[in-house]
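Structure assessment
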Amino acid sequence: MLNLNAEIRESSVKPESLRQANLIPGEIYGKQFENKHIAVPAKDFGKVFEEAGENTIINLQAGTDIYPVIIHDYQKDPISGKFLSVDFFKIRLDEKITAPIPLVFVGESPAVKELGGVLIKSMDEIEVEALPSNLPHEIEVNIEAITELDGSIYVKDLPTGENYEIITDPDTVIATASAPEEEIEETPASVEDIITEGEEKRVRATEAEDKTEGSA
């Protein structure tokens, strides 16, 4: 199990001052648990996040207490990619939880490779229910099963685990091999077409002027 140290912080401390000190402001919360304001070292959290993702239990030490948590939510700067804040959810190891599990696409679809189809991924994660220790780190989606154009893989096609239950609608499409779009060639306008179009506009303009003068 991964370990991470955190500092208890006062709610009055401005988040920006923490970030300047290479700390990420965060919260710990859970069922029947009083929220705690914390700050975690940015470097340490980055390493843990890379390994744990959002569905691995972390032993989070805040002050003198250690809490089993999972990363529930976070915010990142869209430009720098630095973490701006993070929320940890305190869990009970004997109680099932629901968590998003990332999908990893493997293999090569014959519909794409041989028939020129375009693979369209509709999902990148699914919801799974399990005891915290039984949550899978990821679930593989083998796209070799898509052999025809417009063929799809559904949630119900995923391998099932003994220790967890997929609760996403089984009829939800995960990926589809769409037929390639036909390119329509545009024929460039000829000089004669341009001249003819110009003459028609001049004729319409002249007729409009004549009507205006006639009604005056």
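Residues numbered from 1 in each chain as written. Predicted model: local features only at pLDDT ≥ 70, side-chain atom pairs only at ≥ 80, totals over all residues. Heavy atoms only, no water.

Concerning the overall build of the chain
Counting secondary structure elements, the chain contains 4 helices and 13 strands. Buried residues in the chain amount to 31% of all 216 residues. In the chain, the share of contacts with a sequence separation of at least 24, taken over all contacts with a separation of at least 6, comes to 63%. Carbon and sulfur atoms provide 47% of the accessible area of the chain, an area that totals close to 14400 Å². (Helix = DSSP H or I, 4+ residues; strand = E, 2+ residues; numbered from the N terminus. Buried < 20%, exposed > 50% of the residue type's maximum accessible area, 1.4 Å probe, protein only. Contact = heavy atoms within 4.5 Å. Areas by Shrake-Rupley, 256 points an atom, 1.4 Å probe, with all protein chains shown as cover.)

Here's the deal with the sheet that holds strand β4 (residues 58-62)
On the basis of which strands lie adjacent, the closed barrel formed by 6 strands has the order β1-β3-β2-β6-β5-β4 and mixed pairing. Going from strand to strand, the sheet's axes swing by 45° on average, the running direction of each strand aside. Pairing between strand β2 (residues 23-30) and strand β6 (residues 83-90): 4 bridges, direction parallel. When the bridges of β6 are listed, E27 appears paired with D87. Set on the sheet, helix α2 (residues 42-52) makes contact with β1 (2-8), β2, β3 (33-41), β4, β5 (65-76) and β6; between it and β1 the angle comes to about 145°. (Pairing = 2+ DSSP bridges. Axes fitted to C-alpha atoms, helices over the stretch in contact; angles between N-to-C directions.)

Remarks on the side chain of T168
Locating T168 in the fold gives a position in the loop between β12 (164-166) and β13 (173-178). A distance of 2.9 Å separates the side chain of T168 from the backbone nitrogen of E127, its partner in a polar contact. The contacts of T168, once residues within four sequence positions are left out, are M123, I126, E127 and V155. (Polar contact = N/O pair within 3.5 Å; in protein donor to acceptor, adjacent residues only side chain to side chain.)

Observations regarding α2
Within the sequence span of α2, burial applies to F45, V48, F49 and A52. The arc that holds every buried residue of α2, seen down its axis, measures 100°, which confines them to one face. Every exposed residue of α2 that faces more than 90 degrees away from the buried side is listed here: K43, K47, E50 and E51. Next to the buried residues of α2 lie β1, β2, β3, β4, β5 and β6. In the stretch just after α2, G53 is the one whose phi turns positive, near 65°. (Arc of directions from axis to C-beta.)

Considering the environment of V112
Of note, V112 is situated in helix α3 (residues 110-113). Remark: the alpha-carbon pair of V112 and L149, spanning 37 residues in sequence, is separated by 7.9 Å. The residues contacting V112, other than those within four sequence positions of it, are G117, V118, L119 and A177.

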